[in-house]
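# Overview (structure and organization)
Chain by chain, the residues run as shown.
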Amino acid sequence: MTGGKAGGEGNGAYPFLGGDSEMARRIAAFDWAATELGPISAWPQSLKSTIGMMLLSPVPIALLWGENGVMIYNDGYAEVAGGRHPAILGSQVLDGWPEIADFNRNVIEVGLAGGTLSYRDQEMMLNRSGAPEKVWLNLDYSPVMDDEGKPAGVIAFVAETTRRVQAETQLERGFETLRQMFEQAPGFIAILAGPEHTFAMVNKAYMQLVGHRDAVGKPVREALPEIVDQGFIELLDRVRKTEEPYIGRGIRVLLQREPESEPVERYLDFVFHPVSSAQSNVRGIFVQGHDVTEQRLAEIALRESEERFRLVAESAPVKLWMGDAEGNCIYLNAMLRRFWGVTPEEVPHFNWLETVHPDDMETLREPYQRAMRDHAPFSVEVRFRRADGVYRIINTTAQPRFGRHGEFEGMIGVNVDVTERRQSEEAQQELNATLEQRVEDEIARRSKAENALRQAQKMEAIGKLTGGVAHDFNNLLQVVSGNLQLLTKDVAGNERAETRVANALEGISRGAKLANQLLAFGRRQPLEPKVVNIGRLVNGMGDMLRRTIGEGVEVDTMVSGGLWNTLADPGQLENALLNLAINARDAMDGTGKLTIEVGNAFLDDAYAADHPEVEAGQYVVLAVTDTGEGIEPELLQQVFEPFFSTKPQGKGTGLGLSMVYGFVKQSGGHIKIYSERGHGTTVKLYLPRVTQNEDAITPTSAAAATGGTETVLVAEDDDAVRATVVDMLSELGYRVLTAKDAAGALTVIESGAPVDLLFTDVVMPGPLKSTELARKARERTPSIAVLFTSGYTENSIVHGGRLDAGVDLLSKPYTREALARKIRQVLGRAGPSGNVRPSAPAATPKKLSVLLCEDDVLIRMSTTEMLESAGMKVIESGSGAEALAAIEAEVPDVLIADVGLPDMTGVELAERVRDISAGLPIIFATGHSDVPGAETMPRTAIVTKPYDMGKLQGSIDALLGGG
């Protein structure tokens, strides 16, 4: 059925056909009588209504009527049918589309059974215009009812999606190609998203560069923490802020390629390029670059090699020259320039052939031309005219030079004056001797560096060893000391026994001093540094120094004007000066002059380069000089070692200088000793300068040791030490409770037993640490006092060699008197003695309340502990909503807010807080250098992470003082 003759009346006779569209005319003119539908006048009303609706719709629609699916469709479907239209009008769909007959047969069966079908992006091969083509269609089939309500046909809504599917396929292929190019790119590539610079994509080269770490989805700070302090975060922030790319060439970076390993040095060429959205906002940063470490190291090596060559050549006692491939002179060293009277600027234009004696030109020409032609070495002796006009016989020995790719670049040679054979031999011998000396000097320099390294390693190893044994050694001393002190009461009246106990206690004291000296050398002693003026400290020690070293030694003290302050433990500094003075006295046999000088000093980069353990900067120097016999040079590097002494046997332990060495190093300083046999010794202590004002030094109380009736909880894992402490405390009148570890002590506290003081060892077994025990104890009993004890100070309450703020420590071994005095001191600060303490003394000032809003639990815990140790009340919150609820209940004195909170930003929180309390001081805690939006808010401050209590306290004081 291919279309028919006119129906006679045209579409005007059939109102249901609607307007004068092409398909309406075709349907009206078609000879339907020849089909199974019969003439139009016999069509059921439901068919006519469906056709009328179909012709009005712009959507491609086809109607398949009857069991064979006679086709009627609208203009939209005609376009989809293409060249097949109008041949398929009135045809059976199985005949009109034979290539998809099975598909259409199923459609008719389902539709006439009352079912519906829907297909999305259905792939088909259709012959629409004379040749098969692949198309994609969206197809929706529904039954069409006759006038009796039974399914009589199927209506098909058709939408061709070929272009979209092809475009998506092409895009997907392009993306896959791009992804493969991305992955296989020879350079490293990464895409960073958002203000936190989160890794969105990285290629294999990038993963290889960073050691195959899990980076995608993590901010740069978290994925690559080792580069945070190398300036790269600031570069990324700048690119994002300025929207200008950054190009780095040969940038050195340290990368942690393996867990727990040392950072690896790499050199990178890279570009940080901002990625902008359609609104010109920077959404991320495209990182692309190459690892040029090998090239960079080669360039550095080449440059150093060239520099070494030039340095050696310029200072070499021989005449060196270099020519190009045409024989032109391109380099003459200093000696040869002087010989010919040529300046460095004149070298490229200097014609050396003009200085050859005319009679020797033939002698030179043949070997020189052959060497230039064959690229071979040559040696010849001819006369050259010196700058003063005198001809000298010169032996020229030359070698060819070749480039990286084997190309001939010219000759390099040495000219030797052999006018007088003897002089020539002597000159040659002198040259050899000089070269040998340089080799020896280099060997000596390397040997010195290796010795210094070995010495440093040895000192560090000894230091670790002393710290490692200190805990058990001091525990043993504590057991012996405590029992001897307890025994004193038992042997009272027995003079002989009392003498033996006293001698044993003196031995314990000497053993404790020895352990402390070893700890000082090992940089493990707990320092309590103060800002001091060393000049005032030295002047204040004048009388004590003179009494200590005797009248036979003249003491001369010189303190420079405008002396800087330094941060050091005053007591340890006094001990160090006393040790140096005593050593000086012994070196002078009690007679001589001791000079003590204090002044300002600046150690520059050159000095720091020669002394790798020193940082260049400003220092306060304390120099002690004696007029003794001095020290042998080979012994100088041993004087700081424990138990090494230049004194006769039995005249010293050899720990004095070791203690001074450890104290200076632990204080961040530098120590240097100068000595010459027969001319005395100078020891210089360099301590870093600080700009703070000098601290007021409170003298140590010498009050008599007393006991009390309070309850003391002793947490100690060593049975012997615990038993001794219990006896000592019981004798002092205290009620004693005990626990073998921190967990046991916490159980006692949680039981409700009244405890006035927790006396706990720092190093104990078990998962609960002593510092956590102290914190939990204070949470449950705020009035409880805490005293730590330890024989080993490299632990959780000593950091950087300095006792944490607000921590009381009694070092092992300790005497009964020291224990009694320290307990009364700690209890005195905590409150009145006894179990009953007033809850709110009238004279006690109100604690400063701080609302801390921080979602990171670890940061919140550590910050809370810092603030509480400074005497502040802390209200904790993990989100902006929690913080607002807390303020509604109680308005704090200060708000400390993290900038990145889970439910809102810190600035948003601050704005809502100011609606509640307009003048509340606010501190923003952030990992960035600025907080956008905070600059316009009054009474705000910014502290950058990581921060310490000093930063927090300074910001709090500034805000409250300026309020």
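All values derive from a computational prediction rather than experimental measurement.

Our focus in this paragraph is the sheet that holds strand E4 (residues 132-145). Across the sheet, five strands lie side by side as E2-E1-E5-E4-E3; this open sheet has antiparallel pairing. Unpaired on one side and paired on the other, strand E2 (70-73) and strand E3 (117-127) mark the two borders of the sheet. Neighbouring strand axes in the sheet, compared pairwise and without regard to direction, differ in orientation by 35 degrees on average. As paired elements, E4 and strand E5 (residues 151-160) share nine bridges and run antiparallel to each other. Bridge pairing in E5 links Leu-139 to Val-158. Strands in contact with helix H2 (residues 45-56) are strand E1 (61-65), E2, E4 and E5; relative to E1, the strand with the most contacts, it is inclined by about 165 degrees. Packing against the sheet, helix H5 (residues 101-112) makes contact with E1, E3, E4 and E5, and its axis sits at approximately 130 degrees to E5.

This next bit is on the pairing of strand E11 (residues 319-323). Here E11 lies mainly inside the structure; five of its five residues are buried. Here E11 shows a buried face lined by Lys-319, Trp-321 and Gly-323 and a second buried face lined by Leu-320 and Met-322. In terms of strand pairing, E11 meets strand E15 (residues 408-417) through four bridges, oriented antiparallel. Each bridged residue has a counterpart across the sheet, and for Trp-321 the counterpart in E15 is Gly-413. Pairing between E11 and strand E12 (residues 329-332): three bridges, direction antiparallel. When the bridges of E12 are listed, Gly-323 appears paired with Cys-329. The hairpin turn running from E11 into E12, its antiparallel successor, is five residues long, and Gly-327 in that turn takes a positive phi close to 95 degrees.

We now examine the packing of helix H16 (residues 542-549) against helix H17 (residues 570-587). Geometry of a packed helix pair, given as the angle between the helix axes and the separation of the axes. In the contact formed by H16 and H17, the axes pass within 10 Å of each other and the chain directions differ by 35 degrees. Pair H16 / H17 crosses with right-handed handedness. Note on element contacts: H17 touches H16 through Leu-577, Leu-578, Ala-581, Ile-582 and Arg-585, opposite Met-544, Leu-545, Thr-548 and Ile-549. In the contact of H16 with H17, the residues fall into seven nonpolar, one polar and one charged.

Turning to its location among the elements, His-197 is positioned in the loop between strand E6 (188-193) and strand E7 (198-202). Discounting residues that sit within four places of it in the chain, His-197 has contacts with Leu-192, Lys-218, Pro-219, Val-220, Ile-233, Leu-236, Asp-237, Arg-240 and Ile-285.

Counting 51 residues, the largest nonpolar core has Trp-32, Trp-43 and Ile-51 as its most contacted members. When near neighbours in sequence (up to four residues on either side) are disregarded, Ile-51 contacts Phe-16, Leu-17, Ile-27, Trp-43, Leu-63 and Ile-72. In terms of nonpolar packing, the next biggest core, distinct from the first, is built from 40 residues, Ala-568, Leu-594, Ile-596 and Ile-631 among them.

Take the environment of Tyr-686 next. Note that Tyr-686 resides in strand E22 (residues 681-690). The sequence separation of Tyr-686 and Ile-671 amounts to 15 residues, and the corresponding C-alpha distance is 6.1 Å. In this structure Tyr-686 touches Ala-601, Leu-603, Tyr-619, Val-620, Val-621, Val-664, Gly-669, His-670, Lys-672 and Tyr-674, once residues within four positions along its chain are discounted.

Before going further, it helps to spend a moment on the packing of aromatic side chains. By convention here, two paired aromatic rings are described through the distance between centres and the angle between planes. Within the structure shown, the criterion is met by 21 aromatic pairs. On the basis of an interplanar angle of 50 degrees and a centroid distance of 4.4 Å, the ring pair of Phe-30 and Trp-32 is categorised as tilted. On the accessibility criterion, Phe-30 (7% relative accessible area) is buried. Three or more aromatic residues joined by ring pairs form one cluster here, namely Tyr-14, Phe-16, Phe-30, Trp-32 and Trp-43.

On to the packing of helix H21 (residues 742-750) against helix H22 (residues 770-780), then. Contact pair H21 / H22: the axes reach a minimum separation of 10 Å and the direction vectors enclose 5 degrees. As the angle between them shows, H21 and H22 are arranged roughly parallel. Residues Ala-742, Ala-745, Leu-746, Ile-749 and Glu-750 of H21 form the contact with H22, whose own contacting residues are Leu-773, Lys-776, Ala-777 and Arg-780. Here the contact of H21 with H22 is built from residues that sort into six nonpolar, no polar and three charged.

Cut-offs and rules
Residues numbered from 1 in each chain as written. Predicted model: local features only at pLDDT ≥ 70, side-chain atom pairs only at ≥ 80, totals over all residues. Heavy atoms only, no water. Pairing = 2+ DSSP bridges. Helix = DSSP H or I, 4+ residues; strand = E, 2+ residues; numbered from the N terminus. Axes fitted to C-alpha atoms, helices over the stretch in contact; angles between N-to-C directions. Contact = heavy atoms within 4.5 Å. Buried < 20%, exposed > 50% of the residue type's maximum accessible area, 1.4 Å probe, protein only. Left-handed = near helix turned anticlockwise from the far one by under 90°. Nonpolar A, V, L, I, M, F, W, Y, C, P; charged D, E, K, R; others polar. Core = buried A, V, L, I, M, F, W, Y, C linked by side-chain atoms within 4.5 Å. Phe/Tyr/Trp six-rings, centres within 6.5 Å; stacked < 30°, edge-to-face > 60°. Parallel < 35°, antiparallel > 145°, perpendicular 65-115°, else oblique.

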